[in-house]
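One-letter residues, chain by chain:
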Amino acid sequence: MEAGDFKDFAKAMTDYIAEYLENIRDRQVVPSVKPGYLRPLVPEQAPEKAEPWTAVMADIERVVMSGVTHWHSPRFHAYFPTANSYPAIVADMLSGAIACIGFTWIASPACTELEVVMLDWLGQMLGLPESFLARSGGEAGGVIQGTASEATLVALLGAKNRTILRVKEKHPEWSDTEILSKLVGYCNKQAHSSVERAGLLGGVKLRSLQPDGKRRLRGDTLRDAIEEDTRNGLIPFYVVATLGTTSSCAFDALDEIGDVCNEHGVWLHVDAAYAGSAFICPEYRYLMKGVEKADSFNFNPHKWLLVNFDCSALWLKEPRWIIDAFNVDPLYLKHDMQGSAPDYRHWQIPLGRRFRALKLWFVLRLYGVENLQKHIRKHIALAHLFEKLCSADERFEIYEEVTMGLVCFRLKDSNEKNEELLRRINGRGKIHLVPSKIDDTYFLRLAICSRFSEESDIHVSWEEVKASADEVLKGQ
Ligand code: PLP
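Just so it is clear, the structure is predicted and the values come from calculations on it, not from any experiment.

Caption draft 1: Here's a closer look at the site of the ligand. Around the ligand, a shell composed of 14 residues is seen, among which Ala-148, Ser-149, Thr-246, Asp-271 and Asn-300 lie nearest. The side chain of Thr-246 places a nitrogen or oxygen atom 2.9 Å from an oxygen atom of the ligand. Lys-303 places a polar side-chain atom, nitrogen or oxygen, 3.4 Å from an oxygen atom of the ligand. Bound to the protein, the ligand loses 87% of the 390 Å² it would expose on its own.

Caption draft 2: Seen up close, the sheet that holds strand 4 (residues 235-242). What the seven strands build is an open sheet, ordered 1-7-6-5-4-2-3; its pairing is mixed. Each edge of the open sheet carries a strand with a single partner, namely strand 1 (141-145) and strand 3 (205-209). Within this sheet the neighbouring strands show an average axis-to-axis angle of 20°, counted without direction. Taken together, the five bridges between strand 2 (residues 183-188) and strand 3 define a ladder with parallel strand orientation.

Caption draft 3: Representation of the environment of Arg-423. Among the secondary structure elements, Arg-423 is positioned in helix 13 (residues 415-428). Considering only alpha carbons, one finds Arg-423 and Val-472, 49 residues apart in sequence, at a separation of 9.7 Å.

Caption draft 4: Spatial organisation of the nonpolar core. One finds Phe-279, Phe-297, Trp-315 and Met-404 to be the most contacted residues of the largest nonpolar core, which totals 77 residues. Per-element tally for this core: the top contributor is helix 12 (residues 357-391), with nine residues. Among all residues touching Met-404, those that are not within four sequence positions of it are Cys-249, Phe-251, Tyr-274, Ala-275, Ala-278, Tyr-284, Leu-287, Trp-304, Ile-380 and Ala-383.

Conventions and cut-offs
Residues numbered from 1 in each chain as written. Predicted model: local features only at pLDDT ≥ 70, side-chain atom pairs only at ≥ 80, totals over all residues. Heavy atoms only, no water. Near = heavy atom within 4 Å. Polar contact = N/O pair within 3.5 Å; in protein donor to acceptor, adjacent residues only side chain to side chain. Areas by Shrake-Rupley, 256 points an atom, 1.4 Å probe, with all protein chains shown as cover. Pairing = 2+ DSSP bridges. Helix = DSSP H or I, 4+ residues; strand = E, 2+ residues; numbered from the N terminus. Axes fitted to C-alpha atoms, helices over the stretch in contact; angles between N-to-C directions. Core = buried A, V, L, I, M, F, W, Y, C linked by side-chain atoms within 4.5 Å. Buried < 20%, exposed > 50% of the residue type's maximum accessible area, 1.4 Å probe, protein only. Contact = heavy atoms within 4.5 Å.

Rendered as structure tokens:
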């Protein structure tokens, strides 16, 4: 096999990718395959002899695309968006070519240094306080994690470490196990399941607190819980405030929560996985009022900022609590420049890390802040368009205020009828939505996901919802 052949393969694939994305609207959004569909389509064993790349290329549609859910189709409205853009895809190609593992500065200085600067760029774009940024000259700074789930866990481990050390100063006679058994953290009942999971993985108690009528966790609720637990001998150590909950995109009262955390010396982590991207538009920053009171802040450029998965940005005011908690220092990972630049292996759970800052660099330069803001504003406007269409039909109600690119809606009818509505919508196969439930009320979520979405696509989606409702209500 000649190397030239593979170059041709790479070129052909580049064309295929462009063709795929530009015509994605025409594909069936969710495939109609059944579990186990793929095995009969490929041989039982790996080939003994090399195949021509054209044979692989010919199998992409038959084997892969026949079982792909097209997340970037304008007909895809499930979950939250996951980002996709040519600059990010191209950056991933370059990252794949360099293929370094940037666990320490010396392991690939550009990999670390570009990440430090990109996280400063991004932090400024969001309007984060200087106290989170590396350029402030202190220890603070950002790091790219794989997912928001990892960011929540990493922050929890930092908070745990900080609290254990502080408690030990006061009570040197207490053992680690004793202290651990008393630690308790808090989040909104509506927080993402990854928060509960972080508690399980971190071996600590987490309490889910009841939000107010707008699904927001309020300061007073948190204060009452902290005071009650303290009276009972527990040690509050960690709070996760969610900006943009997964079910309905509600925003916790960060400013109030921040005051309570600061009063009680509790680590405040902000999970803005989806909605955080909107803070590049100044008009949405009121939703993160109080962010300066947080210890860590996380959002996913890989959700809504055109940077392909995986790229989850985490800023820490005092990374030392995490660096110290995770610091194991074998000889083979030491280097002469230790301490002069971050060794990101201490800021995360795995050792290995890809050159993900390239994706940010390409996207931020090739779109510019202005076009990224347009992207966010367009998605929000499209959500409002769907909201308008839905509100004008008296059979429907909007379940939750629309602030971002998510519309929560339902038929003014029973949960069963709404479940049936979703079954019909997805069953017709043209668009794809997922449901949620809050306090026993079942509703449908329509998220604007694709960067290709236009007003005409929203009309198509609405027509599908309407036609499905006709079927359900006529009992067809
Ligand atoms: N937090 C919130 C609020 C989310 O909406 C999500 C996913 O949608 C997550 C966390 C988990 O994100 P990730 O898949 O990056 O871990």
